[in-house]
Each structure stands twice: as structure tokens, then as C-alpha cells.
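# Survey of secondary and tertiary structure
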Amino acid sequence: MRRITGKAKDETLIELQSATDSQTGDGLAVLTAFRINLHSDENGGNYVKKPERTTLPGHIETDKLQPNKDTVFFRDGVRRIDFVLSYVDDKDGEKKQERRRAFEANLEKEGLALETEDKSDSKDQKTYFLKIHAPWDVLARYAEILKIKVPFKENNFPPAQDVPLEWLSRPFRLPEHIMRPQPDYFTYPFQNTKTNFFLITNKDTFFPPSTRNRIVYYILARSPYYKEGQTERDKTGIKRLLSNGTYTTAFPLHDCQYWKTARNTECESERNNLYKHWARFLCFYKEQPLNLIRKYYGEKIGIYFAWLGFYTEMLFFAAVMGVICFTYGVLSYDDNMSSHEICDANIGGSIVMCPLCDKKCPFWKLNSTCLSSWQSHLFDNEGTVFFAIFMGIWVTLFLEFWKRRQARLEYEWDLVDFEEEQHQLQTRPEFEIRCTEERLNKITEKMEPYLPLTTKYPRFCLSAATVIFWISLTVTCIIGVIAYRLAVYAAFASIIKDPMRKIQFVGRFITPQLATSVTASCINFVIIMILNFFYERVAVWITDMEIPKTHVEYENRLTMKMFLFQFVNYYSSCFYVAFFKGKFVGFPGDYTYMFGKWSKLRNEECDPGGCLIELTTQLVIVMSGKQLWGNIQEALLPLIRNWWSSRKGRHHPENHYSRWEQDHVLLNFSQLGLFYEYLEMVVQFGFITLFVASFPLAPLLALFNNILEIRVDAWKFTTQFRRPIASKARNIGAWQEILNGVAILSVVTNAFIMAFTSDMIPRMVFLYAYGQNASMRGYVNDSLSIYNISQLHERNMPEERDDWFDNSTTCRYRDYRYPPGHQKEYAHTMQFWHILAAKMAFIIIMEHVVFVVKFFVAWMIPDIPSGVKARFKRERYLIQKDLHTYEVKRVKLELSASFITEPQSEMSSMTDKHEVLSECL
């Protein structure tokens, strides 16, 4: 028999455990409870017992009771499990056991209730589970410290008016109880002295589970594990205990199994609702239950899914415009005069091109690039210019409308006043432990730990040097890939064109340029993945070494380090193809070499149709490969890991597999788990904005990926991960500034792609300045210069020549230079300077037009909707009014109580005097 505390003064619960269940050893108590009402008899003052049969929370009637370990309550069925720690005995058992005893003793001093499950009750017969419950007084004390907002009055604002044509969105909507799992309240930071001011109907359920586990983790992160009287500052916090193996895991519990609701009606079964309405792929067309996500996982995860959903919605419009642009390229396929001339046997077939590499590359005919010229037109056409301008405006609309959506969420989720006093911005436990020096805070006038400059600067310098080293390593790898492209191009040229090899059919469709570009892109992608794997760990290590003071500061520093590296790692190859390949080639007789003429690595040339198709190839391979690999990592690997870790437990009956054991075998969601989700999406955002002019279908690929990404992430959070510790965030943090920077840079890159990578400007100059009858006829011949073969150096001449080449005396190359015999032989023609001027003018005009529209749109769209501003001000006013009314009533009650007490004492003394006087008389 055990006495269960935590009830009202006039109630006592007596728990009886049957002998049968005590012998089973599964830790389950068959509970019978009687409510004993003790009240005073008005006449005699005797106490009378009136038994009333009831059922304890978390249990069913005794006659229907079945063994069930899938519960989130202690054995008494009353106290909720807010956190679970697990550990095993090993060779260092005594030392770790001493740490655990000290740590658990300090937790009990804080007021936490502990309950241990013996290893004999676990499925592996090795693991102990320590269950932690936070009583009301602990929750109330720390809720005031963390300034957690709690409801004090139901929101009486009128609901928003119905949107016209709302019936169109009904198929995409979820049930109301899923979208709004709880009523809307006015909230105020909790204070222990004003408990009557708040809507406290049940202390056990007043703080939701996400808030409870957040408070308990705050205590765990700051509780020491040294004995009383010792001052070993580094022996503090659950993180250190996890790193040294004292505990193996620490996690809050899911409220039920994801595929069915909990048996216990006291459990909310929110995990099951999330799985049914959010995590299944068949719900891909439905809206996300953001309020339920925020209630179950916390605001930080809720903000991420809100941003990802909004980003995916906006991608729909970009994808539609991209498809329209690509469709225009398909429909204008037959009107492409340049491709017609290249493929014409009388035009392209009669033009002999100079060798593209030394020795191994032969002279070749222009019509061999017929297929690639048609492919280039699909992406390099008049519609591409319009699409590049559209994307510059789209990215501004996306960022501005997201600010409005974010402001609305800040208001609805009570994050408007979320500032430095909140937990997310409070000092990290690691900073408090590792910083031994203190100084006076001029604001709070309290002593606080700080990192002296003599320690801070060397750490920053080492961190910066490490980042620079890894970025240099990335650039070196990219240079190596470029060298590979130059070295193998000759090999592909000799293999594909060799008549003795039986690949002539393949050679018709795969040019040496395409083969080189595809293989180099694949190698580059593998290098990117390998460098990412190692740099992620280095970035975390150097950020830990810097000892940032707050959680937000830590995440912001890590974000900048990781994105800077990812930017160079992912985009450098695309920058090379877009802005360097084919730009520094020279001309026959005076070619430019990568490392000088001794290296024999001649710089690459573009196809006669331009380098845009190669940039498209590079972008598709890297972007698609990253998305495919990311989805495999996110979906397949967690499934395999969880299956491997829990394969032995699947054979046990469900009633022997407790809730904490089910969650124990799931993957841990680390503190930086959400960081990698953001990083993946921001890198994708860079692909669809920085280089979108080369591949209008990139937003469509991103849209399909993100629709899958939302459901994969939801499935992963709901089924494969332990429940994350709830944490607050009012916005997406440093990612907002990164997105703004990428948006501005995208305007510049797309303008340069259209000017220097695309063949659009040279075609326009020819059409309006050099063409006859405003026609593109003759453009191919005009864009190719002539070189006298007899002037070629021996090192540039091919080793073998085809039979058809015997009568040729000149070859053509892609440039605008005077022909042999001219007084300015091989110098740039005036047309070259006209085209260069047109390119620079196009860049200036496009940038200014897009930037003007961007800033005008940003100025026209306020960051915070006017309706949200008005409701926020109204709520502030009502909160102050209700607080004032509450304080006035409290003061009146205190005054009236003191007034009533004093007259009663005076009246009692007067009565005594009258009694004495009457006796005397």
C-alpha cells in the first residue's frame, strides 16, 4: 500500500496492489481507489467517512483491468511522466552510479518526482529507465522564471470574415478540431502570486506536455552531479552525463502509438492525429495542422513547417511560369533558324571547325552539334529573359509575404514579446560551466559569467582559419574537377569518334562536351557529399570551441559557417560553367592554358550554341542528385536504423513493450536536427534563384521535391524520432538574412547568365544591326571566325585527319575576329565590341528594373498586416485592463478582510466587559 500525494487537503487516495500483479514483476499495479471525504459534523464536530468508488486517472475499472504498460503515467496512474532517462550497467558502473546518485539527489532537491523501472522489466534485460515527473509547485516556479505565457481569459474577438469563394478551398482543409486543437485565449506571463488571475481548472493539465518537458529539460541541463559541498563547475547538466555515458538517452515521451489512439482517455492522442492528418503521403494536397504541430512539438518546429509550407505554395506560381517558358521553347522549336542552319548539310555540313583540344581532337563539322543546338533552344530562347525577370520579382514577393505570414504566426502563437528574457535567448549551460570569470551586468546589476577577450580572440582566429582552410579545400577540389574536364575531353573525343569502336550510334547522341560535362558533374556531386560529411562535424566542433553565450547566438554562428561552406561547395561548379568556361579560351594559334602551356590543359570551349545547355546539365545533376540523396537519407536510413535497433523487441507482446521502451528504440532528434532541414531547403532555394535562367523547370522539380519533403519530414517526426524537446522561436532566425542575400545575388547572377552564358544578346545584336530584312538567316556564319590552318602550331594539330579534310585550308572557331589576310588579322571586330556593349547595357538595365520593382514591392507590402497590428494593440489594452481590475479587486478584498477582523476583536472585548459588569452587579 502506498500513499499518493498531490491531492486536495480533504482527499486521500489509497492504492492497493494485488498479490498477483506484484508477482508478475512487470511493474503494473492493479489499482482500486476510494475517495474518502473527511468533513466535520456540524453538531458534534466528529469526522465521518463516506467512501465513494472512483477510477484513478489513467486506469479503467478494476473488474475490466488488463495489463497495459503503454502509458505515460507513473505506476500510481496519477502523476504524468514528463521525461525519461535510461542507463545500463557496464565496466565503469561504480563511478557512473555515484554520478547518478548525486544527480538524482539534486533533482529531488529541485522538487522533481523520480521512479525507476528495473532492468528486469525491460525487453533487453539490460536497460534501466528513470521516469521524471514535475509536480505543480516545480512547474509554477520555473514557469515564472521562464516567463511562460498562460491563458487568463478566453479570446472574445470576433472571428475573421469568410473569404469569398471559400468553398473552393474546402477539399484542401482539415477538420476544425485538428486545425484548432484548443480555444484561443488571452495570455500573460505566469506569476505564482496571481494564480487566481489565470484559468486554472486542473493543475495536472494546465501546463501542456510540451511546456512540461521544456521545463524539466531546463532543470536537467542545469542540475549538477557533484556531491554537496563540492564546487566542480564542469560536473553539471544532462548533456555532460550523456556524453560520458552515465545516461544513454534522455527524452520526453510520445503520448501514444502513432497508428492508434491511446487506451487512456487522459492522453491527448495528438501523435495519432498528426499521423492521420499530416504524416501520410495521401494527405499531400491538404493544409498542414500548424497549431497542432506547435502544440505537440513546440513553436520552433511549428515555424519551420509553416515556412516550408509557405515556400512550397509560392513555388507553385514559379513552377507554372517555368512550364510556360519551357512550353514556349518547345512550340518555337521549328522557328529556330540557328539550329536549322547548323543541321543543314549544305551550311553546317560544309563548315569545318577547328580542333577543340590538342593532338587528340580532330577537325569536325558543325552539323555534328545538331542535337545539342536543338536542346539549347528549349532553355535559351526569348522566354528565358522574361522568366529571369519574373523570378527576380517572385523572390521579393515570397520574402515579403512570408514576413506577413510570420507576423501573423507571432501574434497567434504569443511570440510577439519573445525577447531576451525567454529561454531560447538565455545563457547556455555550457557557457556558464566553461566561463569561470564573472563581471557585473550593467542592466541587471548582477554578476554573470563572461569570456575574456584574451580567450575569445584566439578561439575566433582558429575558427576563421579552419573555415578558410575548408573553403580553400573545396576550391582546390573544384579546380581538380576542371582539370579532369580538360584532361578527359580529348579522351572522349578520340573514343566517341573512333570508327574502330562500336559506339557510333551512341556518338550520334553524345558529344564529347556532353560526356565530359555529365561525368564531371557526377564526380563533383560525390566530392560535394564527401566534403559535407566531414565539414558538418568540423563546423560543430569549432562553434562549440567558440563558446557562444546564448542558444540563438550558437545557432546563428553555426548557420553562417555551414552556409558559407555549402555555398562554395554546391554552387562553385555552376559558377565555373556559367561565368568562366569558354570565356578565356584565346584563339587558334594563341590558345590559353589552365596552368600555362607546359600543362597541356587547354581551356574548354563552349558549343557553337553556347554554354547554357552545359550549365543546365550541371544544375540538373547536382540539384536532382542532392534532393534524391536527401530523401533517401531522411526516409530510408531512419527506417533501417529503427528496424535494426528494435528487431528483437518486435517479437514481444504489445503489453510487455512499454511506452518508454517504444520511444527508446527510436532515433534521437538532436538539437541541430532542424538546422539541417533549413540548410537543405535554403541550398535548394539558391539553385532555383541563382541559376534559374538556365533551367526554367528547376522550380517545378523543387515543387515536387518539397511536396514529398513535407510529408517525409512529418512521417519522420511522427514515427521515426523520439519526441523533441519543445523550444520557442519567433522567426526562422539567421536564415531570413541569408535568403535576403541570396535573393539580391540572384538578380545579378541571372543578368550575367543571360548576358554572357546565353546566346541571346549576340542574336539580338545580329537581328537588329547586322541581319538582312530583320531575319536570323546567316547568323551562324556571322558568329564564327576564320583561321588559316597552315598557321596552326604543331602542338594544336590533330594526330589523325579524316578523309574529307584533305581539301580544307581554313577552319572556323567561335569568336568575332578579323579573318586571315586582313590588316587587323585575328583582332576583335567592331561587332565584338557592339555585342559587349549590349551585354553590359542589358545587365545594367535588367538589374535596375528588377531592383526598382523589388524595392517598390517591398515598400508597398507592409511586414505586419494592419489587422494583426490592430488585434495586437487591442489585446494589449484588454490585458492591462483586466490586470488592473484584478489588482483592484484583490486590494479591496484584503482591505475588507482586515476591516472585518479588527471590528470583531473590538466587539468581542466589549462583550467580555459587559459580562464582567453584569456579574459584579
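As shown above, the structure is provided for reference.
These notes cover the structure that comes with them. (Residues numbered from 1 in each chain as written. Predicted model: local features only at pLDDT ≥ 70, side-chain atom pairs only at ≥ 80, totals over all residues. Heavy atoms only, no water.)

## Quick look at the overall build of the protein chain
From N to C terminus, the protein chain includes 27 helices and 18 strands. Within the span of the protein chain, comprising 921 residues, buried residues form 50% of the whole. When contacts within the protein chain are restricted to residue pairs at least 6 apart in sequence, long-range pairs at least 24 apart make up 75% of them. A total of about 46,000 Å² of accessible surface is found on the protein chain, and carbon and sulfur atoms cover 59% of it. (Helix = DSSP H or I, 4+ residues; strand = E, 2+ residues; numbered from the N terminus. Buried < 20%, exposed > 50% of the residue type's maximum accessible area, 1.4 Å probe, protein only. Contact = heavy atoms within 4.5 Å. Areas by Shrake-Rupley, 256 points an atom, 1.4 Å probe, with all protein chains shown as cover.)

## Some thoughts on the pattern of salt bridges
Two side chains that carry opposite charge are able to pair once their charged atoms sit near each other. With the rule as written, the count across this model stands at 38 salt bridges. With a closest N to O distance of 2.7 Å, Glu887 and Arg890 form a salt bridge. With Glu887 and Arg890 both in helix H27 (residues 866-920), this residue pair falls 3 residues apart, about one helical turn. Of the residues examined, Glu887 reaches a relative accessible area of 22% and is grouped as partly exposed. Sharing partners across several salt bridges, the network here consists of Arg75, Glu115, Glu117 and Lys131. (Salt bridge = Lys/Arg side-chain N within 4 Å of Asp/Glu carboxyl O.)

## What about the packing of aromatic side chains?
Enumeration over the complete set of coordinates arrives at 69 aromatic pairs. Taken together, a centroid distance of 5.0 Å and an interplanar angle of 90 degrees make the contact between Tyr258 and Trp259 edge-to-face. Consider the rings of Trp307 and Tyr311, whose centres lie 5.4 Å apart with planes at 20 degrees: the pair is stacked. Placement of the pair is Trp307 and Tyr311 together in helix H10 (residues 299-331), with a separation of 4 residues, close to one helical turn. The ring of Tyr591 carries Arg602 above its face, with NZ or CZ at 3.5 Å from the centroid. Lying across the ring of Tyr296, Arg723 places its NZ or CZ 3.8 Å from the centre. (Phe/Tyr/Trp six-rings, centres within 6.5 Å; stacked < 30°, edge-to-face > 60°. Lys NZ or Arg CZ within 6 Å of the ring centre and 35° of its normal.)

## A few points about the environment of Ser783
The topology assignment puts Ser783 in helix H25 (residues 779-783). Linking Ser783 and Arg814, residues 31 residues apart in sequence, is a C-alpha distance of 6.4 Å. When residues no more than four places from it in sequence are discounted, the contact partners of Ser783 are Tyr813, Arg814, Asp815 and Tyr816. For Ser783, the side chain forms a polar contact with the main-chain oxygen of Val780, separated by 3.0 Å. (Polar contact = N/O pair within 3.5 Å; in protein donor to acceptor, adjacent residues only side chain to side chain.)

## Considerations on the environment of Pro699
Tracing the backbone shows Pro699 in helix H22 (residues 698-720). For Pro699, a relative accessible area of 0% puts it in the buried group. Along the primary structure Pro699 and Phe316 are separated by 383 residues, whereas in three dimensions their C-alpha atoms are 7.8 Å apart. Excluding residues that lie within four positions of it along the chain, Pro699 makes contacts with Leu315, Ala318, Ala319, Phe387, Met391, Ile688 and Val692.

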